[in-house]
Amino acid sequence: DMAEQYLNEGLTMARDLGDSVLEATILNNLGNLFTSQKRYEDAVYAYKESILLSKETGNHLMTGIALSNAAMASIRKGEYNKARPLLDKALYQVRTLDDSYYKAYGLINIGLAYRDLRPHFPESNESLLVLASEMFNEAFMVAENIGDPRTASFALGYLGNLYEDQHRYQEALQLTRRAVFA
């Protein structure tokens, strides 16, 4: 309750100052709070406000983060048809970023969301699997480029888990070992 109060106070201040960048960030954080409280409708609304402000200010990073978060909240809410286009837009935004920690984790989160959508779209299962795999591979490459072994480990671990789910145990084991080594 205190977190919501402080975020709303900060949101009011950001609006009074006319600081759209700060406003978008606070709205995204408010969405995260609502998601943690399982208030998915409120979360999606906050994320969508953050997306609009981020687009207006040209903040591709926050736009991608808020889109990805809105997709995850939609998945948790059971609105899978709304999640997929949000993820596709998030991917576009994240791919425009220079290699960084944020880009790598954005790709990982998008990959996890594509993975989570697979059971709900049996007709697109294979394409979602490919997308999830691509996201983890791209995240690994970004992590390697920026010298971030921890993020590389996460990307490889999630990719290994994806292979394990496909009963590709030998490849999954190799990826998991690489993740541990990283």
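Located above this text is the structure these notes cover.
Residues numbered from 1 in each chain as written. Predicted model: local features only at pLDDT ≥ 70, side-chain atom pairs only at ≥ 80, totals over all residues. Heavy atoms only, no water.

### Notes on the overall build of the chain
Put simply, the rule reads: Here a strand is any run of E in DSSP of at least two residues, a helix any run of H or I of at least four, and the numbering for each starts at the N terminus. Here the globule rule is a power law, 2.2 Å times the number of residues to the power 0.38, and the radius of gyration is based on C-alpha atoms. Exposure categories follow from relative accessible area, calculated using a 1.4 Å probe and restricted to protein chains: below 20% of the type maximum is buried, above 50% is exposed, and the middle band is partly exposed. Working rule for contacts: check all heavy atoms of both residues, and any pair within 4.5 Å makes them a contact. Each accessible area is a Shrake-Rupley result for a 1.4 Å probe, and residues are judged covered by the shown protein chains and nothing else.
For the chain, the count of helices and strands is nine helices and zero strands. When the helices and strands of the chain are listed from N to C terminus, the series reads α-α-α-α-α-α-α-α-α. The C-alpha radius of gyration of the chain comes to 17 Å, within 12% of the 16 Å expected for a compact globule of 182 residues. Along the longest, intermediate and shortest principal axes, the C-alpha atoms of the chain span 55 × 35 × 30 Å. Residues classed as buried in the chain amount to 45% of the 182 residues present. In the chain, the proportion of contacts linking residues at least 24 apart, taken out of those at least 6 apart, comes to 54%. Approximately 9600 Å² of the chain is accessible, and the part contributed by carbon and sulfur atoms is 53%.

### Re the side chain of Arg118
Heads up, the condition is: Asp and Glu are treated as the negative residues and Lys and Arg as the positive ones, with His and the ends of the chain left uncounted. By convention in these notes, a salt bridge is any Lys or Arg side-chain nitrogen within 4 Å of a carboxyl oxygen on Asp or Glu.
If you trace the backbone, Arg118 turns up in the loop between helix 6 (101-117) and helix 7 (125-146). Salt bridges are absent for the buried Arg118, whose nearest opposite-charge side chain, Asp165, sits at 5.0 Å. Apart from the residues within four sequence positions on either side, Arg118 is in contact with Asn125, Leu128, Leu129, Leu162 and Gln166.

### Regarding the environment of Thr96
The test is simple: Polar contact is the term for a pair of N or O atoms within 3.5 Å; when the atoms are in protein, one must be able to donate a hydrogen and the other to accept it, and sequence-neighboring residues count only if both atoms are side-chain atoms.
Along the chain, the position of Thr96 falls in the loop between helix 5 (80-95) and helix 6. Placed 88 residues apart in sequence, Thr96 and Asn8 show a C-alpha to C-alpha distance of 31 Å. Polar contacts involving the side chain of Thr96 include one to the main-chain carbonyl oxygen of Gln93, which spans 2.6 Å.

### Topic: the packing of aromatic side chains
Here is the rule: In summary, the pairing rule links any two rings of Phe, Tyr or Trp, Trp by its six-membered ring, whose centres are within 6.5 Å, and it sorts them by plane angle into stacked for under 30 degrees, edge-to-face for over 60 and tilted for everything else. Lysine NZ or arginine CZ positioned within 6 Å of the ring centre and within 35 degrees of the ring normal marks a charge as sitting over the ring.
Summed over all chains, the structure comprises five aromatic pairs. Look at Tyr101 and Tyr102: their rings are 5.3 Å apart centre to centre, the planes differ by 85 degrees, and that puts the pair in the edge-to-face class. With centroids separated by 4.7 Å and ring planes inclined at 50 degrees, the aromatic side chains of Tyr101 and Tyr105 adopt a geometry described as tilted. Taken together, the positions of Tyr101 and Tyr105, both in helix 6 and four residues apart, correspond to about one turn of that helix. A relative accessible area of 41% means that Tyr101 is categorised as partly exposed. Ring pairing ties together the aromatic residues Tyr101, Tyr102, Tyr105, Phe136, Phe154 and Tyr158, which thus form one cluster. In this structure, Arg168 is placed above the aromatic ring of Tyr163, and the distance from its NZ or CZ to the ring centre is 4.1 Å.

### Describing helix 5
Cut-off, in case you're wondering: Here a helix's expected span is defined as the number of its residues, less one, multiplied by 1.5 Å. To obtain the arc, one takes the directions from the helix axis to the C-beta atoms.
With 16 residues, helix 5 ought to run about 22 Å at 1.5 Å a step, and its terminal C-alpha atoms sit 23 Å apart, in line with that. What helix 5 keeps buried is the set Ala83, Leu86, Leu87, Ala90, Leu91, Gln93 and Val94. On an axial view of helix 5, the arc spanned by its buried residues comes to 160 degrees, and they lie on one face. Residues of helix 5 that are exposed and point more than 90 degrees away from the buried face comprise Asn81 and Tyr92. Against helix 4 (60-77), helix 6 and helix 7 lie the buried residues of helix 5.

Take it as geometry only, folks, not as evidence of what the structure does.
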